[in-house]
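Commentary on secondary and tertiary structure
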Protein chains: 2
Amino acid sequence: MATNRQWLYAQKPSGQVGPEHFEMHAATMPEAGPGEVLVRTTLLSIDPASRAWMAGRTYRSMLQPGEVMAGWGLGEVISSNSPKFSPGDRVSGEFGWQEFIAVPAARLTKHDKRHPPEHILGVLGITGLTAYFGMLDIGKPRPGETVLVSGAAGAVGSIAGQIAKIAGCKVVGTTGGPEKCAWLTNEVGFDAAIDYKQGAVARKLKEICPEGIDVYFDNTGGEVLEAALARMNLWGRVACCGNVSQYDGAAPAAGPLGVPGFLVTKRIRMEGFVVMDFYNRREQAETALAQWVREGKLKATVDIVEGFEKMPTALAGMFAGQNKGKLMVRVG
Amino acid sequence: MATNRQWLYAQKPSGQVGPEHFEMHAATMPEAGPGEVLVRTTLLSIDPASRAWMAGRTYRSMLQPGEVMAGWGLGEVISSNSPKFSPGDRVSGEFGWQEFIAVPAARLTKHDKRHPPEHILGVLGITGLTAYFGMLDIGKPRPGETVLVSGAAGAVGSIAGQIAKIAGCKVVGTTGGPEKCAWLTNEVGFDAAIDYKQGAVARKLKEICPEGIDVYFDNTGGEVLEAALARMNLWGRVACCGNVSQYDGAAPAAGPLGVPGFLVTKRIRMEGFVVMDFYNRREQAETALAQWVREGKLKATVDIVEGFEKMPTALAGMFAGQNKGKLMVRVG
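All values reported here derive from a predicted model rather than from experimental measurement.

Observations concerning helix H11 (residues 311-319) of chain B
- Among all positions of H11(B), only Met311(B), Pro312(B), Ala314(B), Leu315(B), Gly317(B) and Met318(B) are buried.
- Lining the buried residues of H11(B) we find strand E1 (3-9), strand E2 (22-28), strand E3 (36-45), helix H1 (49-55), strand E14 (302-306) and strand E15 (326-330) of chain B.

Right under this line is the structure:
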């Protein structure tokens, strides 16, 4: 009898997440009930937010040990009890870390096959939409302004920075290690990159951005946020996308100095967002992103790990800073 | 020969500001040069921002020891070399802590004498404008929402809270001591007040606002800001007006936990503002504020200290939480 391999979330990490917090489980094959669709997972997305879901309630309830680990995926319809889907359709949804899932049709999105499958989970999916709405609707960069992006070599950061370039800005990124810095400036088109692991972020920002920072797209919180606030220009905007410097620690560090002091004196707007709030304009964003990719203005780098069994090590590797661009796992 | 008494800023405070940081100086009487106006000061405003001006650069350069202490005032024109002003005119401006000033006409605002003079420095002046634009343009309260104001018994806070009441909101204030709490609920019309000096602000907020907070008008930063962030509703707004909990200390405390974590997950907008940015709409605000005062919807409480010699003790008293409403000193 065929089984459905699942990665269960086994244990709440008290510090860095690793394979020991997950458990492989062989479940029985699911069957599509009334109105449901049976999907075979082909690609699973690895996202920093996963770590936040383990730590507490976010924009979703906290993950509970014993549950199938949550995550977004791309798959192929095997069988369907819904008139909206047929076998062979390419679909995405919140599949969780498992090879098969039976899911209500309403929770699936169908994708045409023009685009490479990895782009659907990357630049044309939640990753790209997050960068698009966060940069343009929250950050609101104007041509000629200076934009800083933290976590710049990551999935969202690398797209967000390129969108700011397309918008006519000077773009600076922070990331960990000289290799990713070189990649950002040589391959992705950032104007400058700062290796936060070398320290002195505040001083380097001052050297690289003597004109100050107008928009900061914050994926990390922590030290880079604090340094950015000190360098923000009057009426600067901070688009708060994530707080990855805090996800993988035992306890939250203190909040950034300069809040609310700099916010008042420099009239800074600091605004958090979650991509789901913008889904009513999803099509507009997808169209723009697809066109920029087609025109070669937007490089959608993908980092694919082969094999479902590598899910936990892929997630741990992301927090160790091993990936460039969008990290995903090819299932089977 | 007549002298012009001045309070000089003598020494940078390392902690709480007190009379020892100022020095009385008898200067010679100023004379109005070409295009200038000689003004006799009648009322001087005491503002929390003064302390921030001593600590470092804000939206203005840092005060330097030896300078006449900066501050806003109301006065009467004694003589004028400008066709725009005549002796007897009531004017306001940044006079500094002194009895007389010769000032270029362009730096004066003329006021008609319909309104009580203390309102010009209070509810119809920078204080009222700060509350008006901060609450309505940054906080954007909607009827039925819950609004929290810190420093609620102060000049700006007491007006900001009443504007939120006029906008149809439930309004809660934080202040120091049971007497000011009672004043807020019994006299000013707040729905509830929390004495932050009793501690447990987070727990009390939870009891008083089980529905969460939609708008937080922040005059204080510090503990109340941190507690408010934890209680903010989705899409909540924090209008950052001041950081008074940090002005009078030796070193800045750590920033608030929950930044940027709560900002992301709850899509909070946190935005600083300075009233000068809204001066192009000054008339609109003054008209509205004057009308609310006339209709009895807005209580503009004034706390007047008699005597120019009491300027430093009045400022120290404000940081000790002694005033209710707008604090000012009547000169001579």
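Anyway, onward from the coordinates.
With respect to the packing of aromatic side chains
- For the structure on display, the rule yields 12 aromatic pairs over all chains.
- With centroids separated by 6.4 Å and ring planes inclined at 50 degrees, the aromatic side chains of Tyr9(B) and Phe22(B) adopt a geometry described as tilted. Pair noted here: Tyr9(B) is in strand E1 and Phe22(B) is in strand E2, with a separation of 13 residues, a long-range link.
- On the basis of relative accessibility, which here comes to 6%, the residue Phe22(B) falls in the buried class.
- Seen in terms of ring centroids, Tyr132(B) and Trp292(B) are 6.1 Å apart; in terms of plane orientation they differ by 35 degrees. Their pairing is tilted. Here Trp292(B) lies in helix H10 (residues 282-294) and Tyr132(B) lies in helix H3 (residues 126-139), a separation of 160 residues in the sequence. A single burial state applies to Tyr132(B) and to Trp292(B), both of which are buried.
- Through successive ring pairs, a cluster of aromatic residues spans Tyr132(A), Phe133(A), Phe278(A) and Trp292(A).
- Between the NZ or CZ atom of Arg60(A) and the centre of the ring of Trp53(A), over which it lies, the distance is 4.8 Å.
- Geometry around Tyr279(B) places Arg282(B) over its ring, the cationic atom sitting 4.8 Å from the centre.

Examining the interface of chain A and chain B
- The interface is formed by 31 residues belonging to chain A together with 31 residues belonging to chain B.
- For the pair chain A and chain B, the summed buried surface comes to about 2,400 Å²; carbon and sulfur atoms form 67% of the total.
- When the buried area of chain A at its contact with chain B is split by residue, Pro260(A), Val264(A) and Arg267(A) rank highest and sum to 23% of it.
- For the pair chain A and chain B, the number of links is 2 salt bridges.
- The interface formed by chain A and chain B includes 8 residue pairs in polar contact (both at pLDDT 80 or more).
- When strand E13 (residues 269-272) of chain A meets strand E13 (residues 269-272) of chain B, the two strands line up antiparallel, connected through 3 bridges. Residue pairing for E13(B): Met270(A) is matched across the bridge by Met270(B).

Section: the sheet that holds strand E11 (residues 213-218) of chain A
- Spatially, the 12 strands line up as an open sheet ordered E10(A)-E9(A)-E8(A)-E11(A)-E12(A)-E13(A)-E13(B)-E12(B)-E11(B)-E8(B)-E9(B)-E10(B), and their pairing is mixed. Looking at strand neighbours, the two that pair on one side only are strand E10 (192-195) of chain A together with strand E10 (192-195) of chain B, the edges of this open sheet. Adjacent strand axes in the sheet meet at a mean angle of 15 degrees when their direction is disregarded.
- Pairing geometry for strand E12 (residues 232-240) of chain B and E13(B), over 4 bridges, is parallel. Each bridged residue has a counterpart across the sheet, and for Cys240(B) the counterpart in E13(B) is Gly272(B).

Looking at the confidence of the model for chain A
- Mean pLDDT over chain A: 95, with 99% of residues reaching 70 or higher.
- As a predicted assembly, this complex carries a pTM of 0.93 together with an ipTM value of 0.91.

Some remarks on the packing of helix H3 (residues 126-139) of chain A against helix H10 (residues 282-294) of chain A
Residue and element names in this part refer to chain A.
- One way to put it is that H3 packs onto H10 with a least axis distance of 10 Å and a crossing angle of 100 degrees. The angle between the axes of H3 and H10 places the two elements in the roughly perpendicular class. Two secondary-structure elements touch here, H3 through Gly128, Leu129, Tyr132, Phe133 and Leu136 and H10 through Arg282, Gln284, Ala285, Glu286, Ala288, Leu289 and Trp292.

Some remarks on the relation of the copies chain A and chain B
- Here chain A sits on chain B after a turn of 180 degrees about the axis and a move of 0.0 Å along it, with an RMSD of 0.0 Å. Both copies are brought into coincidence by an operation consistent with a two-fold rotation axis. Minimal C-alpha separation from the rotation axis in chain A is found for Gly255(A), amounting to 2.1 Å.
- The residues that chain A uses at the interface reappear at the interface of chain B in 100% of cases, marking a shared surface.

Concerning the side chain of Asp214(B)
Residue and element names in this part refer to chain B.
- With respect to the helices and strands, Asp214 occurs in strand E11 (residues 213-218).
- As a buried residue without a salt bridge, Asp214 has its nearest oppositely charged side chain in Arg237, at a separation of 4.8 Å.
- At 3.0 Å, the side chain of Asp214 and the side chain of Asn233 are in polar contact.
- Not counting residues up to four positions away in its chain, the partners in contact with Asp214 are Glu145, Thr146, Met232, Asn233, Gly236 and Arg237.

Here's the deal with the environment of Ala239(B)
Residues and elements named next belong to chain B.
- Counting through the fold element by element, Ala239 comes out in strand E12.
- Residues Ala239 and Glu67, 172 residues apart in the sequence, show an inter-C-alpha distance of 32 Å.
- Aside from chain neighbours lying at most four places away, what touches Ala239 is Gly134, Ile138, Gly139, Tyr216, Phe217, Asp218, Glu271 and Phe273.

Considerations on helix H6 (residues 201-208) of chain B
Residue and element names in this part refer to chain B.
- The complete set of buried residues in H6 reads Val201, Lys204 and Leu205. Each buried residue of H6 sits inside an arc of 105 degrees when the element is viewed along its axis, so together they form one side. In this structure, H6 carries Lys206 and Glu207 as exposed residues pointing more than 90 degrees from its buried face.
- The elements touched by buried residues of H6 are strand E8 (146-149), E10, E11 and helix H7 (222-231).

Cut-offs and rules
- Residues numbered from 1 in each chain as written.
- Chains lettered and ligands numbered in written order.
- Predicted model: local features only at pLDDT ≥ 70, side-chain atom pairs only at ≥ 80, totals over all residues.
- Heavy atoms only, no water.
- Buried < 20%, exposed > 50% of the residue type's maximum accessible area, 1.4 Å probe, protein only.
- Helix = DSSP H or I, 4+ residues; strand = E, 2+ residues; numbered from the N terminus.
- Contact = heavy atoms within 4.5 Å.
- Phe/Tyr/Trp six-rings, centres within 6.5 Å; stacked < 30°, edge-to-face > 60°.
- Lys NZ or Arg CZ within 6 Å of the ring centre and 35° of its normal.
- Buried area = accessible area lost by both parts, 1.4 Å probe.
- Salt bridge = Lys/Arg side-chain N within 4 Å of Asp/Glu carboxyl O.
- Polar contact = N/O pair within 3.5 Å; in protein donor to acceptor, adjacent residues only side chain to side chain.
- Pairing = 2+ DSSP bridges.
- Axes fitted to C-alpha atoms, helices over the stretch in contact; angles between N-to-C directions.
- pLDDT = per-residue confidence, 0-100.
- Parallel < 35°, antiparallel > 145°, perpendicular 65-115°, else oblique.
- Least-squares fit on C-alpha atoms with pLDDT ≥ 70 in both.
- Lys, Arg positive; Asp, Glu negative; His and termini not counted.
- Arc of directions from axis to C-beta.

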